[in-house]
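Structural description and commentary
One-letter residues, chain by chain:
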Amino acid sequence: NAGVTQTPKFQVLKTGQSMTLQCAQDMNHEYMSWYRQDPGMGLRLIHYSVGAGITDQGEVPNGYNVSRSTTEDFPLRLLSAAPSQTSVYFCASSFQGLGANVLTFGAGSRLTVL
Amino acid sequence: AQTVTQSQPEMSVQEAETVTLSCTYDTSESDYYLFWYKQPPSRQMILVIRQEAYKQQNATENRFSVNFQKAAKSFSLKISDSQLGDAAMYFCAYRSASYGGSQGNLIFGKGTKLSVKP
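Let me begin by describing the structure that accompanies this report.

With that settled, consider the overall build of chain B. The helix and strand tally for chain B stands at zero helices and twelve strands. Moving toward the C terminus, one meets the helices and strands of chain B in the order β-β-β-β-β-β-β-β-β-β-β-β. Taken against the 2.2 N^0.38 rule, which gives 13 Å for 118 residues, the C-alpha radius of gyration of chain B at 14 Å falls within 12% of a compact globule. Its C-alpha atoms give chain B principal-axis dimensions of about 45 × 30 × 20 Å. A sequence separation of at least 24 residues applies to 56% of the contacts in chain B between residues at least 6 apart. Here chain B holds 12 positive side-chain charges and 10 negative ones, and the gap between their average locations is 4 Å.

Structure (structure tokens):
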């Protein structure tokens, strides 16, 4: 049982380049989300999904794109990277429904944009 | 919109002593969940403890316990017999108990960095 798997763990980009952060979970979770963590800011929600084919914006969605074609995968795309997107990114998932559904987090991906 | 506030950016505790981390939140909902997450230098997010708002009894997990004051919208974390391995960033978080949509999103405070002195 792998849980939530994020790749890559580290990435360095140049301004204007594009890339995709991959997130996969094997727990059949309906809910998946992406957060970014910046010093002194805590974790802020970028995008989330409550099922295949359904995505929505969080608090800081600008410059990011997501899609959810399968239950297992929820990739985060940076279309044209900017230095302000230098951050640590976390993918998290859970069952969707009533109850204290705890989020399971991936190990994080550190992205540096030069 | 819900907000979570951690007013202590940094805290320090002597090994074997007790420390309390503060968290307040704002919501108009009556049913929700509160969490404390620990983030060590490895940056892995680790669930420490959770509390259901409808439960009056404070949650405990070994050396970790909470003081949940629903009327005051306060949710503090007490760490007893502090150990060197407790040194980490601690995040307080809120999640709605409503079903579906954005209610499933976790709202975080900005974190408290805990240092443990030997």
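Let us now look at the pattern of salt bridges. It is possible for side chains of opposite charge to pair when their charged atoms get near one another. Enumeration over the complete set of coordinates arrives at five salt bridges over all chains. A salt bridge links D26 of chain B to K73 of chain B, with the shortest nitrogen-to-oxygen separation between them at 3.6 Å. With a gap of 47 residues between them, D26 of chain B in strand β4 (residues 24-26) and K73 of chain B in the loop between β8 (64-69) and β9 (74-79) connect regions that are remote in the sequence. In this structure, the salt-bridge partner of D86 of chain B is R63 of chain B, at a minimum N-O distance of 2.8 Å. With D86 of chain B in the loop between β9 and β10 (88-96) and R63 of chain B in the loop between β7 (60-61) and β8, the pair connects residues that are 23 residues apart, well separated along the chain. Among the ionic contacts, a cluster of salt bridges with common partners joins R36, D38 and R44 of chain A.

Any pair of aromatic rings gets described here by the distance separating the centres and the angle formed by the planes. Scanning the model with the defined rule gives 15 aromatic pairs over all chains in all. Centre to centre, the rings of F105 of chain A and F108 of chain B are 6.2 Å apart; their planes meet at 65 degrees, and the pair counts as edge-to-face. Of this pair, F105 of chain A sits in strand β10 (residues 104-105) while F108 of chain B sits in strand β11 (residues 106-108), each in a different chain. For the pair F105 of chain A and F108 of chain B, a shared accessibility class is recorded, and that class is buried. Measuring from ring centre to ring centre gives 6.2 Å for F35 of chain B and Y37 of chain B, while their planes differ by 40 degrees; the resulting arrangement is tilted. What links up through ring pairs into an aromatic cluster is the set Y35, F90 and F105 of chain A together with F35, Y37, F91 and F108 of chain B. Sitting over the face of the ring of F74 of chain A, R68 of chain A holds its NZ or CZ atom 6.0 Å from the ring centroid.

Residues Y25, W36, F75, L77 and Y90 of chain B are the most contacted members of the largest nonpolar core, which totals 25 residues. A per-element tally of this core places β10 of chain B first, with four residues. Filtering out sequence-adjacent residues up to four positions away, L77 of chain B remains in contact with V19, T20, L21, W36, V48, I49, F64, S65, V66 and Y90 of chain B. One finds M27, M32, L78 and C91 of chain A within the second-largest nonpolar core, a separate group that totals 20 residues.

The subject of this paragraph is the sheet that holds strand β3 (residues 19-25) of chain A. Residue and element names in this part refer to chain A. One open sheet accounts for four strands, arranged β1-β3-β8-β7; its pairing is antiparallel. Edge strands, defined here as strands with exactly one partner in the open sheet, are β1 (4-7) and β7 (64-66). Sheet twist, expressed as the mean angle between neighbouring strand axes with direction ignored, is 20 degrees. Where β1 meets β3, four bridges bridge the pair, whose relative direction is antiparallel.

Taken residue by residue, a regular strand's side chains alternate between the two faces of the sheet. All names here are of chain B. Sheet topology note: the strand β3 (residues 19-21)/β9 ladder contains three bridges and is antiparallel. Opposite T20, over in β9, you have K78 as the bridge partner. Note: β8 against β9, six bridges, orientation antiparallel. Pairing of Q69 across the sheet is with S74, part of β9. Where β8 hands over to β9, the hairpin turn is made up of four residues, of which K73 adopts a positive phi near 55 degrees.

Thresholds, definitions, all that
Residues numbered from 1 in each chain as written. Chains lettered and ligands numbered in written order. Predicted model: local features only at pLDDT ≥ 70, side-chain atom pairs only at ≥ 80, totals over all residues. Heavy atoms only, no water. Helix = DSSP H or I, 4+ residues; strand = E, 2+ residues; numbered from the N terminus. Rg over C-alpha atoms; globule rule 2.2 N^0.38 Å. Contact = heavy atoms within 4.5 Å. Lys, Arg positive; Asp, Glu negative; His and termini not counted. Charge placed at Lys NZ, Arg CZ, Asp CG, Glu CD. Salt bridge = Lys/Arg side-chain N within 4 Å of Asp/Glu carboxyl O. Phe/Tyr/Trp six-rings, centres within 6.5 Å; stacked < 30°, edge-to-face > 60°. Buried < 20%, exposed > 50% of the residue type's maximum accessible area, 1.4 Å probe, protein only. Lys NZ or Arg CZ within 6 Å of the ring centre and 35° of its normal. Core = buried A, V, L, I, M, F, W, Y, C linked by side-chain atoms within 4.5 Å. Pairing = 2+ DSSP bridges. Axes fitted to C-alpha atoms, helices over the stretch in contact; angles between N-to-C directions.

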